[in-house]
Structures are given as structure tokens and as C-alpha cells.
Amino acid sequence: MVLYKVRRLLASLFIRASGTTVILAAAVYVLSSYLLLTFAGEAEIVAPENFFYWLVVTASTVGYGDFSPSTPVGKLAVSLWVIPLGLSLFAMIVTRVGFGISEFVQRGKKGLRKMNHQNHTVIIGWNGTRTLRLIELLLSKTNGNASEIVLCVEAEIENPMPKQIDFVRVESFSHAESMQRASLDKAARIIIDNPLDDVTLTTALFCDKMSPNSHKTAYFQDENVGELLRGHCPKIECIPSVAVELLAKSSLDPGSARLHRQLLDSTYGMTQYSVEYRGEQPLSVGALFDHFKHGLSATLIGVRRAGEQTIAINPALNENVAAGDTLYYIAAERLPEKRCFDVKITEREALGECLTS
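What this report covers is the structure whose coordinates are included nearby. These numbers were taken from a predicted model, which means no experiment stands behind them. (Residues numbered from 1 in each chain as written. Predicted model: local features only at pLDDT ≥ 70, side-chain atom pairs only at ≥ 80, totals over all residues. Heavy atoms only, no water.)

1. Observations concerning unusual backbone geometry
A negative phi holds for most residues other than glycine; trans holds for most peptide bonds. Within the chain, N119 stands out as a residue other than glycine whose phi angle is a positive 55°. The topology assignment puts N119 in the loop between α4 (72-109) and β1 (121-124). Here N119 falls in the exposed class, since its relative accessible area comes to 53%. The phi angle at N314 is positive, at roughly 50°, despite the residue not being glycine. (Helix = DSSP H or I, 4+ residues; strand = E, 2+ residues; numbered from the N terminus. Buried < 20%, exposed > 50% of the residue type's maximum accessible area, 1.4 Å probe, protein only.)

Here you go:
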């Protein structure tokens, strides 16, 4: 009865003990066991190559029997000290480690763990199935830049895709301390998609301050709110709702909505992509169009000049493309950047003919 109470007391003290206390207790146990067995004359057990192995096997009650005490004092020390204390200590350490792993996993599911990513994608906001669809598109095989995705929400939910993305739950999207758990300052891309435009606006302003070097996109139902943000943060790409435009277009040109949907869907069929032109010298649109079509089975559809917002759709073939311009094309998958500009010499010569004519 007394022994049982002592063990209960030790167990309660151990559970409340810090990690340093546990390590210290284990060290005292190992050292005291070594000294007792050395005093008992158990030379074979305390040999450097045998002692730690024997102690773990004995304390865990596995007991292979390849080493055992041979002296009366050694047997007494093992019976009254090594096994009783070692068994309790071993069980408690294993239990504590198990609790620690479980707590770590649960904190990740609940979004309370700090991320330590770089050049990752942060999605801010929760819209149910729409957010899940967004994540699916980002994870699709044709998306190119395979990097970590961190979903950041205010809603009291758990990670909806624990095996595919990381998850952070914050007090608010403008709370600096909790938002830093998403490694916002190290993100390469930030996508802001909230049900309320005013929340999206304040979140975008906060992200522009916390992560000035990342590429940021924000979705607005009211285009006027997007224009307001663009006036303060011109580098943030504001995405307006195009439902009305698609409705009108499909009315005049049947099938337009399905066409636009497929061009945006990176999980099936031909999709629109972009690439920044990094060629050593300017090339004509005609030369690039021919290279994309015949060499890469892709179609060049537009060019955006460096520093401009407007995209020239279906540009003239004799226009030239310079370094820093962005090319937009349709292809089955994202093309390797190096192949996009691996244009033949004859095509470069065609540029000279276009420019001189």
C-alpha cells in the first residue's frame, strides 16, 4: 500500500515535471544503477559496450537474458532498484513522448503551430468548397511551381486537407503576431479571398506592409473596392467578379462560359499560362508564335509590356518582344522556361526582316 502511494506520488510529480527535470531524473537513474552494479562486482554488465543496452532492455522488461546479475548484491540491486524504478521511468518517458507527439499533431490540425516556410503560397480566407477548389487548382499537375501551401483562416475549423497543405488559424487577418505563424514575410505568393470585400481590403493593406516583396492577388465582388485598393497598392493584382460579363458573352456567343472555364482550369485540357521573356535579344511576335506553335504545341495569345498593366491580345506579328515582357500562351501544361526562348537562328533572322520592312 505504501509502495503504491509512493509510485502515485512519483507519477504525479513526473507528469508535472519539466523536460529538464525528466532528463535529470533519467541521468540520476542511469548513474546510480551503474554505481550500484559496479559496487556489486557485475563487471560484465557495467562494461561500456554492454551497460546501456542491458539497462534499456531490463528497464523496459524485454529481458533477453543474454546478460544478468550473478552476485547476491547485484541481484538485490536489480530487484529493488533497477527494475522497479526503471520500469516506472521508462513507461513515463514513453507516455510523455506520446503526449508530446499527439499535442504537436493536434496543434497542427487546429492551426496553432508556427510555420517555417520560404517561397510558399499563403491563402487567406475561407469560402468552403470554393477554397478547396482553389487549393486543388494550385496543387494540380500543371501548376508548375510546386511549393508549400499555407491556408490562413479566422473560422473555427480544422485543417481541411492535412496531408496536402499546412494550416494556420488566426485571431484576425490584421493581427501581426498570429499572422506571422504563416511566415507571411517569407511568402512568394499571397492569395486573399474573403466573403466580405472590406475584410479583403484591410487584409490586402496589411499584407502589403508585412510582405512587400511577394506577389499578391485579391478577389473583390465589387470592382470599385478593388480600384480603391489599386490606388493605394498598385502592385497588388485585384481580381474582380466577371459573372455578369460571362453571362452577357455567353448570351451572344454560346459556349463562351465553358471556354473561359476550361482556359482557367489547370486540372483538365488546354490551359492559359504566362512566362516572362528572358531572351538575350528582342524577338518578333511572329518568330515566337511560330516557335510556340510548331516547336512546343502551344499558342501565343498575348503580350504585356514591362511596367504596363494592359495586355495586348493577339498582337501584330511584326511587333517585337523585349526582356521583361510577359508572354501569355495556351498549352496542355506549363512549359519549361528555357524551352520557351530556345528559338532557332532562322527565326531570329526573321525578326530582322520584320524590323527593317
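2. Regarding the environment of W81
With respect to the secondary-structure elements, W81 resides in helix α4. On the basis of relative accessibility, which here comes to 31%, the residue W81 falls in the partly exposed class. Expressed as a C-alpha distance, the spacing of W81 and L36, which sit 45 residues apart in the sequence, is 9.1 Å. Beyond its immediate stretch of four places on either side in the chain, W81 contacts Y29, S32, S33, L36, L76 and G86. (Contact = heavy atoms within 4.5 Å.)

3. A few points about the sheet that holds strand β9 (residues 299-304)
In spatial order, the strands read β7-β12-β9-β10; together these four strands make up an open sheet with antiparallel pairing. The sheet is open, and its two edges are formed by β7 (271-276) and β10 (312-313), each paired on a single side. Sheet topology note: the β9/strand β12 (residues 326-331) ladder contains five bridges and is antiparallel. Within β12, the position partnered with R304 by the bridge is T326. Packed onto the sheet, helix α11 (residues 285-296) meets β9 and β12 and runs at close to 140° relative to β9. (Pairing = 2+ DSSP bridges. Axes fitted to C-alpha atoms, helices over the stretch in contact; angles between N-to-C directions.)

4. Brief notes about the pattern of salt bridges
Scanning the entire structure with this criterion turns up seven salt bridges. Measuring nitrogen to oxygen at the nearest pair gives 3.1 Å for the salt bridge that ties E136 to R133. Note that E136 and R133 are positioned in helix α5 (residues 129-139) at a spacing of three residues, about one turn of the helix. In this structure E136 comes out as partly exposed when scored by relative accessible area, which is 38%. (Salt bridge = Lys/Arg side-chain N within 4 Å of Asp/Glu carboxyl O.)

5. Let's talk about the packing of aromatic side chains
Each aromatic ring pair is specified by the distance between its two centres and by the angle formed by the two planes. In the structure shown here, the tally under the stated rule is five aromatic pairs. Pairing Y273 with Y329 gives two aromatic rings, centres 5.9 Å apart and planes at 35°, and the pair type is tilted. Highlighted residues: Y273 in strand β7 and Y329 in strand β12, separated in sequence by 56 residues. According to the relative accessible area criterion, Y329 is buried, its value standing at 0%. Judged by centre distance (5.5 Å) and plane angle (55°), the rings of F292 and Y329 are tilted. (Phe/Tyr/Trp six-rings, centres within 6.5 Å; stacked < 30°, edge-to-face > 60°.)

6. A look at the packing of helix α7 (residues 197-210) against helix α8 (residues 223-232)
Running from N to C, α7 and α8 cross one another at 10°; their axes reach a closest spacing of 10 Å. By the criterion of interaxial angle, the relationship of α7 to α8 is roughly parallel. Considering only the axes of α7 and α8, their crossing is right-handed. Residues D197, L201, A204 and L205 of α7 pack against V225, L228, L229 and H232 of α8. (Parallel < 35°, antiparallel > 145°, perpendicular 65-115°, else oblique. Left-handed = near helix turned anticlockwise from the far one by under 90°.)

7. Observations concerning the state of the cysteines
Where two cysteines share a covalent bond between their sulfur atoms, that bond is called a disulfide. Applying the stated criterion across every chain yields a total of zero disulfides. Its sulfur unpaired, C207 is 8.2 Å from the next cysteine sulfur, which belongs to C152. The structure places no disulfide on C233, whose sulfur is separated from the nearest cysteine sulfur, that of C238, by 8.4 Å. (Disulfide = S-S within 2.5 Å.)

8. Details of the pairing of strand β4 (residues 189-192)
For β1 and β4, the ladder comprises four bridges, and the chain directions are parallel. Bridging from a neighbouring strand, I123 pairs with I191 of β4. Relative to strand β5 (residues 215-220), β4 runs parallel, the two being bridged by four bridges. Looking at β5, one finds that I191 is bridged to T217. On the question of chirality, the crossover connecting β4 to the parallel β5 by way of α7 is right-handed. (Right-handed = clockwise from strand over helix to strand, strands pointing away.)

9. Notes on a nonpolar patch on the surface
Nonpolar side chains collect at one region of the surface, where F52, V56, F90 and V94 lie side by side and expose about 360 Å² of accessible area between them. Taken together, the elements giving at least two residues each to the nonpolar patch come down to α3 (51-59) and α4. If you trace the backbone, F90 turns up in helix α4. (Patch = residues over 30% accessible without salt bridge, like charges linked within 9 Å, V, L, I, M, F, W, Y side chains within 5 Å. Areas by Shrake-Rupley, 256 points an atom, 1.4 Å probe, with all protein chains shown as cover.)

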